[in-house]
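# An overview of the molecular structure
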Amino acid sequence: MSHPGSGRSDSHEWEAPGAFEVAPGVYRIPLPLPGDALRAVNVYALVSGREVVLIDSGWALELAREQLEAALGTLGFDFAAITRFLITHVHRDHYSQALLIRRDFGARVSLGAGEEPSLAALIVRAEEIPTQLAAKLRAAGADELVAALLRAAAPTDNLTGDLWAPPDEWLRTGDTMPAGDRSLAVIETPGHTAGHVVFHDAANKVLFSGDHLLPRITPSVGFEMVPARSPLRDYLASLNLTLTLADARLFPAHGPVIESSRARSAELIAHHQRRLDETEAAVRAGAATGFAVAGVLLWTGRGRAFADLDIYNQMLAVNETIAHLDVLAEQGRVERTAEGGVVRYAG
(Lines give C-alpha, C1' and ligand atoms only; values in the text may rest on other atoms or scores of the structure.)
Protein backbone atom coordinates (compact mmCIF):
# COMPACT_ATOMS: atom_id res chain seq x y z
CA MET A 1 0.00 0.00 0.00
CA SER A 2 1.15 3.54 -0.54
CA HIS A 3 1.87 5.90 2.28
CA PRO A 4 1.65 9.69 2.02
CA GLY A 5 4.48 11.52 3.66
CA SER A 6 7.99 12.60 2.91
CA GLY A 7 9.97 10.60 0.41
CA ARG A 8 12.62 10.78 -2.23
CA SER A 9 12.11 10.38 -5.95
CA ASP A 10 14.20 7.38 -6.95
CA SER A 11 14.17 4.62 -9.51
CA HIS A 12 11.96 1.58 -9.14
CA GLU A 13 14.78 -0.90 -9.69
CA TRP A 14 14.15 -2.55 -6.31
CA GLU A 15 10.70 -3.70 -7.54
CA ALA A 16 12.08 -6.03 -10.26
CA PRO A 17 11.14 -9.69 -9.64
CA GLY A 18 13.78 -12.21 -8.60
CA ALA A 19 15.82 -13.35 -5.62
CA PHE A 20 18.63 -10.96 -4.67
CA GLU A 21 21.23 -11.92 -2.07
CA VAL A 22 21.55 -9.01 0.40
CA ALA A 23 23.57 -10.85 3.06
CA PRO A 24 25.02 -14.35 3.27
CA GLY A 25 22.04 -16.71 3.06
CA VAL A 26 19.50 -13.86 2.96
CA TYR A 27 17.58 -13.10 -0.25
CA ARG A 28 15.27 -10.17 -0.97
CA ILE A 29 12.29 -11.27 -3.10
CA PRO A 30 10.08 -8.38 -4.35
CA LEU A 31 6.47 -9.41 -4.98
CA PRO A 32 3.79 -7.42 -6.83
CA LEU A 33 0.97 -5.41 -5.26
CA PRO A 34 -2.43 -4.71 -6.86
CA GLY A 35 -3.13 -1.13 -7.88
CA ASP A 36 -0.60 0.32 -5.48
CA ALA A 37 1.80 3.17 -6.13
CA LEU A 38 4.53 1.18 -4.37
CA ARG A 39 3.97 -1.76 -6.73
CA ALA A 40 6.00 -4.26 -4.69
CA VAL A 41 6.65 -5.63 -1.22
CA ASN A 42 9.92 -7.24 -0.17
CA VAL A 43 9.82 -10.75 1.26
CA TYR A 44 13.11 -11.98 2.75
CA ALA A 45 14.15 -15.62 2.46
CA LEU A 46 16.60 -16.82 5.11
CA VAL A 47 18.15 -20.02 3.81
CA SER A 48 19.85 -22.67 5.92
CA GLY A 49 20.56 -26.15 4.58
CA ARG A 50 17.34 -27.39 3.01
CA GLU A 51 15.05 -25.13 5.04
CA VAL A 52 13.75 -21.62 4.39
CA VAL A 53 12.31 -19.04 6.80
CA LEU A 54 10.42 -16.16 5.17
CA ILE A 55 10.03 -12.73 6.70
CA ASP A 56 6.64 -11.55 5.44
CA SER A 57 4.81 -13.33 2.63
CA GLY A 58 3.28 -10.96 0.10
CA TRP A 59 -0.34 -10.40 -0.91
CA ALA A 60 -2.45 -13.49 -1.71
CA LEU A 61 -2.47 -12.93 -5.47
CA GLU A 62 -1.87 -15.47 -8.21
CA LEU A 63 0.96 -13.39 -9.68
CA ALA A 64 2.61 -12.94 -6.28
CA ARG A 65 2.41 -16.68 -5.65
CA GLU A 66 3.91 -17.43 -9.07
CA GLN A 67 6.75 -14.96 -8.58
CA LEU A 68 7.53 -16.25 -5.09
CA GLU A 69 7.56 -19.83 -6.37
CA ALA A 70 9.85 -18.84 -9.26
CA ALA A 71 12.23 -16.91 -7.00
CA LEU A 72 12.52 -19.78 -4.54
CA GLY A 73 13.05 -22.10 -7.50
CA THR A 74 16.14 -20.16 -8.57
CA LEU A 75 17.54 -20.91 -5.10
CA GLY A 76 16.68 -24.61 -5.39
CA PHE A 77 13.61 -24.58 -3.13
CA ASP A 78 9.85 -24.95 -3.37
CA PHE A 79 7.03 -24.01 -1.00
CA ALA A 80 7.44 -27.28 0.93
CA ALA A 81 10.88 -26.06 2.09
CA ILE A 82 9.35 -23.11 3.97
CA THR A 83 9.31 -23.99 7.68
CA ARG A 84 8.09 -20.66 9.09
CA PHE A 85 6.76 -17.24 8.18
CA LEU A 86 7.80 -14.40 10.48
CA ILE A 87 5.24 -11.67 9.77
CA THR A 88 5.91 -8.04 10.68
CA HIS A 89 2.23 -7.02 10.69
CA VAL A 90 -1.26 -8.00 9.65
CA HIS A 91 -1.71 -5.95 6.46
CA ARG A 92 -2.63 -8.04 3.43
CA ASP A 93 0.62 -7.45 1.58
CA HIS A 94 2.54 -8.99 4.48
CA TYR A 95 0.25 -11.62 6.02
CA SER A 96 -2.29 -12.97 3.57
CA GLN A 97 -0.16 -15.17 1.29
CA ALA A 98 1.33 -16.93 4.34
CA LEU A 99 -2.14 -18.21 5.24
CA LEU A 100 -2.65 -19.85 1.86
CA ILE A 101 0.81 -21.41 1.77
CA ARG A 102 0.31 -22.68 5.34
CA ARG A 103 -2.98 -24.25 4.28
CA ASP A 104 -1.33 -26.02 1.34
CA PHE A 105 2.11 -26.89 2.76
CA GLY A 106 1.96 -26.62 6.55
CA ALA A 107 4.48 -23.85 7.30
CA ARG A 108 4.11 -22.22 10.71
CA VAL A 109 3.08 -18.56 10.88
CA SER A 110 4.13 -16.09 13.59
CA LEU A 111 2.64 -12.60 14.12
CA GLY A 112 2.88 -9.81 16.70
CA ALA A 113 0.49 -10.20 19.63
CA GLY A 114 -0.73 -6.63 19.29
CA GLU A 115 -2.42 -7.57 15.99
CA GLU A 116 -4.92 -9.87 17.69
CA PRO A 117 -7.82 -7.34 17.93
CA SER A 118 -7.54 -6.25 14.29
CA LEU A 119 -7.15 -9.81 13.08
CA ALA A 120 -10.20 -10.90 15.06
CA ALA A 121 -12.17 -8.12 13.34
CA LEU A 122 -10.84 -9.18 9.92
CA ILE A 123 -11.93 -12.76 10.53
CA VAL A 124 -15.48 -11.57 11.22
CA ARG A 125 -15.65 -8.96 8.45
CA ALA A 126 -12.86 -8.38 5.97
CA GLU A 127 -14.12 -5.10 4.44
CA GLU A 128 -11.62 -2.93 2.64
CA ILE A 129 -12.94 0.16 4.47
CA PRO A 130 -13.03 -0.71 8.19
CA THR A 131 -16.08 0.53 10.07
CA GLN A 132 -13.94 2.32 12.65
CA LEU A 133 -11.92 4.09 9.98
CA ALA A 134 -15.04 5.23 8.13
CA ALA A 135 -16.39 6.66 11.39
CA LYS A 136 -13.08 8.45 12.01
CA LEU A 137 -13.12 9.95 8.52
CA ARG A 138 -16.70 11.15 8.92
CA ALA A 139 -15.77 12.75 12.25
CA ALA A 140 -13.00 14.54 10.35
CA GLY A 141 -15.56 16.07 7.99
CA ALA A 142 -14.70 13.71 5.11
CA ASP A 143 -18.19 12.32 4.31
CA GLU A 144 -17.72 12.67 0.55
CA LEU A 145 -14.41 10.84 0.69
CA VAL A 146 -15.97 7.94 2.61
CA ALA A 147 -18.73 7.70 0.01
CA ALA A 148 -16.16 7.63 -2.80
CA LEU A 149 -14.15 4.93 -1.05
CA LEU A 150 -17.22 2.76 -0.59
CA ARG A 151 -18.03 3.11 -4.30
CA ALA A 152 -14.51 2.18 -5.39
CA ALA A 153 -13.74 -1.37 -6.43
CA ALA A 154 -11.41 -3.10 -4.00
CA PRO A 155 -8.40 -5.06 -5.27
CA THR A 156 -9.22 -8.75 -5.49
CA ASP A 157 -7.10 -11.56 -4.12
CA ASN A 158 -7.36 -15.25 -3.25
CA LEU A 159 -8.12 -14.70 0.43
CA THR A 160 -11.86 -14.87 1.02
CA GLY A 161 -13.25 -13.95 4.41
CA ASP A 162 -13.34 -17.53 5.69
CA LEU A 163 -9.59 -17.95 5.11
CA TRP A 164 -8.48 -15.15 7.45
CA ALA A 165 -7.12 -16.99 10.45
CA PRO A 166 -4.89 -16.57 13.51
CA PRO A 167 -1.18 -17.36 13.38
CA ASP A 168 0.35 -20.43 14.97
CA GLU A 169 2.02 -18.26 17.58
CA TRP A 170 1.88 -14.68 18.83
CA LEU A 171 5.15 -12.76 19.13
CA ARG A 172 6.21 -10.34 21.86
CA THR A 173 9.26 -8.31 22.74
CA GLY A 174 11.80 -10.65 24.32
CA ASP A 175 11.02 -13.58 22.04
CA THR A 176 13.90 -14.93 19.98
CA MET A 177 13.22 -16.70 16.70
CA PRO A 178 15.79 -19.07 15.17
CA ALA A 179 16.37 -18.92 11.41
CA GLY A 180 19.14 -21.36 10.58
CA ASP A 181 22.28 -20.12 12.32
CA ARG A 182 20.71 -16.69 12.83
CA SER A 183 18.95 -15.60 15.99
CA LEU A 184 16.28 -12.92 15.47
CA ALA A 185 15.14 -10.81 18.42
CA VAL A 186 11.47 -9.80 18.26
CA ILE A 187 10.90 -6.11 19.05
CA GLU A 188 7.37 -4.68 19.20
CA THR A 189 7.18 -1.40 17.26
CA PRO A 190 3.54 -0.24 17.36
CA GLY A 191 2.51 2.71 15.22
CA HIS A 192 2.12 1.61 11.62
CA THR A 193 -0.18 -0.99 13.16
CA ALA A 194 -0.77 -1.73 16.83
CA GLY A 195 1.02 -5.08 16.64
CA HIS A 196 3.87 -4.31 14.26
CA VAL A 197 7.14 -6.08 15.09
CA VAL A 198 10.65 -5.91 13.68
CA PHE A 199 13.27 -8.67 13.72
CA HIS A 200 16.74 -7.70 14.90
CA ASP A 201 19.74 -9.83 14.00
CA ALA A 202 22.22 -8.11 16.31
CA ALA A 203 25.07 -10.54 15.64
CA ASN A 204 25.01 -9.74 11.92
CA LYS A 205 23.99 -6.08 12.34
CA VAL A 206 20.75 -6.44 10.36
CA LEU A 207 17.25 -5.13 11.08
CA PHE A 208 14.25 -6.54 9.19
CA SER A 209 12.01 -3.53 9.62
CA GLY A 210 8.75 -4.35 7.83
CA ASP A 211 6.89 -1.06 7.40
CA HIS A 212 8.25 0.49 10.61
CA LEU A 213 11.28 1.98 8.87
CA LEU A 214 11.09 2.56 5.13
CA PRO A 215 14.01 4.14 3.23
CA ARG A 216 12.13 6.48 0.90
CA ILE A 217 8.69 7.18 2.36
CA THR A 218 7.10 7.67 5.76
CA PRO A 219 4.86 4.77 6.78
CA SER A 220 1.19 5.43 7.41
CA VAL A 221 0.07 5.09 11.03
CA GLY A 222 -3.07 3.51 12.44
CA PHE A 223 -4.54 2.17 9.18
CA GLU A 224 -6.05 -1.02 10.60
CA MET A 225 -9.33 -2.60 11.63
CA VAL A 226 -8.98 -1.64 15.31
CA PRO A 227 -6.80 1.49 15.50
CA ALA A 228 -4.84 2.42 18.61
CA ARG A 229 -5.92 5.43 20.66
CA SER A 230 -2.93 7.50 19.48
CA PRO A 231 -1.01 5.68 16.73
CA LEU A 232 1.41 8.54 16.00
CA ARG A 233 2.36 8.81 19.67
CA ASP A 234 3.03 5.05 19.59
CA TYR A 235 5.00 5.35 16.36
CA LEU A 236 7.22 8.14 17.68
CA ALA A 237 7.96 6.03 20.78
CA SER A 238 8.83 3.08 18.52
CA LEU A 239 11.13 5.27 16.40
CA ASN A 240 12.93 6.39 19.54
CA LEU A 241 13.23 2.73 20.55
CA THR A 242 14.88 1.71 17.28
CA LEU A 243 17.11 4.76 17.54
CA THR A 244 18.58 3.22 20.72
CA LEU A 245 19.46 -0.08 19.04
CA ALA A 246 22.93 -0.69 17.72
CA ASP A 247 23.10 0.61 14.17
CA ALA A 248 22.22 -2.00 11.55
CA ARG A 249 21.71 -2.47 7.85
CA LEU A 250 18.04 -1.85 7.18
CA PHE A 251 16.09 -4.52 5.29
CA PRO A 252 12.70 -2.82 4.67
CA ALA A 253 9.42 -4.13 3.27
CA HIS A 254 9.30 -1.45 0.55
CA GLY A 255 12.40 -0.03 -1.10
CA PRO A 256 16.05 -1.02 -1.31
CA VAL A 257 18.35 -2.05 1.51
CA ILE A 258 20.05 0.92 3.17
CA GLU A 259 23.01 1.05 5.52
CA SER A 260 21.82 2.75 8.71
CA SER A 261 18.70 2.00 10.74
CA ARG A 262 19.58 4.70 13.25
CA ALA A 263 20.00 7.39 10.61
CA ARG A 264 16.61 6.56 9.11
CA SER A 265 14.95 6.52 12.54
CA ALA A 266 16.32 10.01 13.20
CA GLU A 267 15.13 11.24 9.80
CA LEU A 268 11.60 9.99 10.42
CA ILE A 269 11.46 11.55 13.88
CA ALA A 270 12.55 14.88 12.39
CA HIS A 271 9.96 14.55 9.61
CA HIS A 272 7.12 14.07 12.08
CA GLN A 273 8.26 16.98 14.21
CA ARG A 274 8.13 19.19 11.09
CA ARG A 275 4.75 17.73 10.20
CA LEU A 276 3.41 18.51 13.65
CA ASP A 277 4.56 22.12 13.21
CA GLU A 278 2.94 22.35 9.76
CA THR A 279 -0.29 20.85 11.07
CA GLU A 280 -0.42 23.27 13.99
CA ALA A 281 0.18 26.18 11.61
CA ALA A 282 -2.72 25.02 9.40
CA VAL A 283 -5.05 24.96 12.41
CA ARG A 284 -3.94 28.43 13.51
CA ALA A 285 -4.60 29.63 9.95
CA GLY A 286 -8.22 28.49 10.26
CA ALA A 287 -8.43 24.84 9.11
CA ALA A 288 -10.69 23.31 11.74
CA THR A 289 -11.18 19.63 10.81
CA GLY A 290 -8.89 16.77 9.88
CA PHE A 291 -10.20 16.88 6.32
CA ALA A 292 -9.66 20.64 6.06
CA VAL A 293 -6.11 20.45 7.45
CA ALA A 294 -5.20 17.59 5.10
CA GLY A 295 -6.51 19.70 2.25
CA VAL A 296 -4.01 22.51 2.82
CA LEU A 297 -0.94 20.37 3.51
CA LEU A 298 1.36 19.02 0.81
CA TRP A 299 1.87 15.28 0.33
CA THR A 300 4.54 12.83 -0.85
CA GLY A 301 8.14 13.70 -1.52
CA ARG A 302 7.01 15.69 -4.56
CA GLY A 303 4.90 18.09 -2.50
CA ARG A 304 1.62 17.17 -4.19
CA ALA A 305 -1.65 18.91 -3.39
CA PHE A 306 -4.26 16.86 -1.57
CA ALA A 307 -6.69 17.21 -4.52
CA ASP A 308 -4.11 15.55 -6.79
CA LEU A 309 -4.00 12.34 -4.74
CA ASP A 310 -6.20 9.37 -5.65
CA ILE A 311 -9.01 8.63 -3.21
CA TYR A 312 -7.14 5.84 -1.46
CA ASN A 313 -4.19 8.09 -0.72
CA GLN A 314 -6.55 10.91 0.25
CA MET A 315 -7.97 8.53 2.83
CA LEU A 316 -4.48 7.76 4.13
CA ALA A 317 -3.66 11.47 4.16
CA VAL A 318 -6.72 12.34 6.27
CA ASN A 319 -6.02 9.44 8.62
CA GLU A 320 -2.42 10.65 8.94
CA THR A 321 -3.56 14.21 9.63
CA ILE A 322 -5.91 13.07 12.36
CA ALA A 323 -3.01 11.26 14.03
CA HIS A 324 -0.93 14.45 14.04
CA LEU A 325 -3.83 16.55 15.31
CA ASP A 326 -4.42 14.09 18.15
CA VAL A 327 -0.78 14.34 19.24
CA LEU A 328 -0.96 18.14 19.08
CA ALA A 329 -4.05 18.01 21.29
CA GLU A 330 -2.25 15.68 23.73
CA GLN A 331 0.63 18.17 23.86
CA GLY A 332 -1.75 21.09 24.48
CA ARG A 333 -0.74 22.81 21.24
CA VAL A 334 -4.31 22.78 19.86
CA GLU A 335 -7.74 22.43 21.43
CA ARG A 336 -9.96 19.52 20.38
CA THR A 337 -13.77 19.65 20.62
CA ALA A 338 -16.54 17.44 19.25
CA GLU A 339 -19.94 18.75 18.21
CA GLY A 340 -22.60 17.22 16.00
CA GLY A 341 -20.40 14.18 15.31
CA VAL A 342 -17.56 16.28 13.88
CA VAL A 343 -14.23 16.81 15.67
CA ARG A 344 -12.85 20.34 15.41
CA TYR A 345 -9.53 21.88 16.36
CA ALA A 346 -8.53 25.41 17.26
CA GLY A 347 -5.19 27.07 17.97
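Residues numbered from 1 in each chain as written. Predicted model: local features only at pLDDT ≥ 70, side-chain atom pairs only at ≥ 80, totals over all residues. Heavy atoms only, no water.

## Let's talk about helix H1 (residues 62-74)
Put simply, the test is: Numbered from the N terminus, helices here are DSSP runs of H or I no shorter than four residues, and strands are runs of E no shorter than two. Multiplying 1.5 Å by the residue count of a helix minus one yields the expected span of that helix. Note on classification: 1.4 Å probe, protein chains only; a residue is buried when its accessible area is under 20% of the maximum for its type, exposed when over 50%, partly exposed between these limits. Directions drawn from the helix axis to the C-beta atoms are what define this arc. Any pair of residues with heavy atoms lying within 4.5 Å of one another is described as a contacting pair.
Between the first and last C-alpha of H1 there are 19 Å, a value that for 13 residues agrees with the 18 Å anticipated at 1.5 Å per step. All of the buried residues in H1 are Ala64, Leu68, Ala71 and Leu72. Projection of H1 onto a plane perpendicular to its axis shows the buried side chains occupying an angular sector of 95°, all on one side. Structurally, H1 contributes buried residues whose contacts are with strand E2 (26-32), strand E3 (40-48), strand E4 (51-55), strand E5 (82-87) and helix H2 (92-105). Of the residues trailing H1, Gly76 is marked for its positive phi of about 90°.

## Quick word on the pairing of strand E16 (residues 342-346)
Consecutive side chains of a regular strand alternate in pointing toward one face of the sheet and then the other. As a reminder, the rule being used: Should DSSP find at least two bridges between two strands, the strands are regarded as paired.
Across 5 bridges, the pairing between strand E15 (residues 335-339) and E16 is antiparallel. Considered in E16, the bridge of Ala338 is made with Val343. In this antiparallel pair of consecutive strands, E15 and E16, the connection spans 2 residues, and Gly340 shows a positive phi of 65°.

## Observations concerning the packing of aromatic side chains
Threshold: Between rings of Phe, Tyr and Trp, where Trp is taken as its six-membered ring, a pair exists when centres lie within 6.5 Å; planes separated by under 30 degrees are stacked, by over 60 edge-to-face, and by other angles tilted. Lysine NZ or arginine CZ positioned within 6 Å of the ring centre and within 35 degrees of the ring normal marks a charge as sitting over the ring.
The final tally for this structure, using the stated rule, is 7 aromatic pairs. A connected cluster of aromatic rings, assembled from ring pairs, spans Tyr44, Phe208 and Phe251. In this structure, Arg275 packs its charged tip against the face of Trp299, placed 4.3 Å from the ring centre.

## Focus on the packing of helix H4 (residues 131-139) against helix H5 (residues 143-151)
The packing of two helices is summarised by the inter-axis angle and the distance between the axes. Cut-off, in case you're wondering: Axis definition: a line fit to C-alpha positions, over the contact stretch in the case of helices; interaxial angles, taken between N-to-C directions, run 0 to 180 degrees. Working rule for angles: under 35 degrees goes down as roughly parallel, over 145 as roughly antiparallel, 65 to 115 as roughly perpendicular, anything else as oblique. Nonpolar residues are Ala, Val, Leu, Ile, Met, Phe, Trp, Tyr, Cys and Pro. Charged residues are Asp, Glu, Lys and Arg, and all others, Gly as well, are polar.
In contact at an axis separation of 7 Å, H4 and H5 are set at 150° when each is read in the N-to-C sense. As summarised for this structure, H4 and H5 are arranged roughly antiparallel, according to the angle between their axes. Contacts between H4 and H5 pair Ala134, Leu137 and Arg138 from the former with Asp143, Val146, Leu149 and Leu150 from the latter. The residue inventory of the contact of H4 with H5, partitioned by class, reads 5 nonpolar, no polar and 2 charged.

## A look at the sheet that holds E5
Ordered in space as E1-E2-E3-E4-E5-E6-E7, the 7 strands form an open sheet in which the pairing is mixed. Of all strands in the sheet, those with a lone pairing partner are strand E1 (20-23) and strand E7 (169-171), marking the two edges. Each neighbouring strand pair of the sheet contributes to a mean axis angle of 30°, computed without reference to strand direction. One ladder, built from 5 bridges, connects E3 with E4; its direction is antiparallel. Paired with Ala45 across the two strands is Leu54, which belongs to E4. The strands that H2 touches are E2, E3, E5 and strand E6 (108-112); relative to E5, the one it contacts most, it runs at about 155°.

## So, the nonpolar core
The condition is simple: Here, nonpolar core refers to any group of buried Ala, Val, Leu, Ile, Met, Phe, Trp, Tyr and Cys residues whose side-chain atoms link them within 4.5 Å.
The biggest cluster of nonpolar side chains holds 46 residues, and the ones touching the most others in it are Leu137, Leu232, Met315 and Val318. Those elements that provide at least two residues to this core are H4, H5, helix H6 (231-244), helix H7 (261-284), helix H8 (290-296), helix H9 (311-330) and E16. Ranked by residue count, the leading element in this core is H9, at 9 residues. With residues near it in sequence (within four places) discarded, Met315 still touches Leu133, Leu137, Leu145, Leu149 and Phe223. Listed in part, the 38 residues of the second largest apolar core include Ala45, Leu99, Ile101 and Val109.

## Overview of unusual backbone geometry
The phi dihedral of Lys205 falls on the positive side, at around 55°, and the residue is not glycine. Note on placement: Lys205 falls in the loop between strand E10 (197-201) and strand E11 (206-210).

## Things to note about the sheet that holds E10
One open sheet holds the 5 strands; their spatial order is E8-E9-E10-E11-E12, and the pairing between them is mixed. Bordering the open sheet on either side are strand E8 (176-179) and strand E12 (249-252), each of which pairs with just one other strand. Pairwise comparison of adjacent strand axes, ignoring direction, gives a mean angle of 25° for this sheet. With 4 bridges connecting them, strand E9 (residues 182-188) and E10 associate as antiparallel partners. Bridged to Val186 within E10 is Phe199.

## Side note on the pairing of E1
Strand direction decides the pairing type here: E1 and E2, joined by 3 bridges, are antiparallel. Across the sheet, the residue bridging to Ala23 is Val26, located in E2. Here E1 hands over to E2 after 2 residues, with Gly25 in that stretch at a positive phi of 75°.

## Quick notes on the environment of Gly35
Mapped onto the elements of the fold, Gly35 is located in the loop between E2 and E3. For the pair Gly35 and Glu335, spaced 300 residues apart in sequence, the C-alpha separation works out to 38 Å.

## Describing H4
Turn by turn, an α-helix covers 3.6 residues, leaving residues three or four places apart pointing in a common direction. Residues of H4 that are buried include every one of Leu133, Ala134, Leu137 and Ala139, and no others. Contact partners of the buried residues in H4: H5, H9 and E16. Remark: Gly141 follows H4 within two positions and exhibits a positive phi of approximately 85°.

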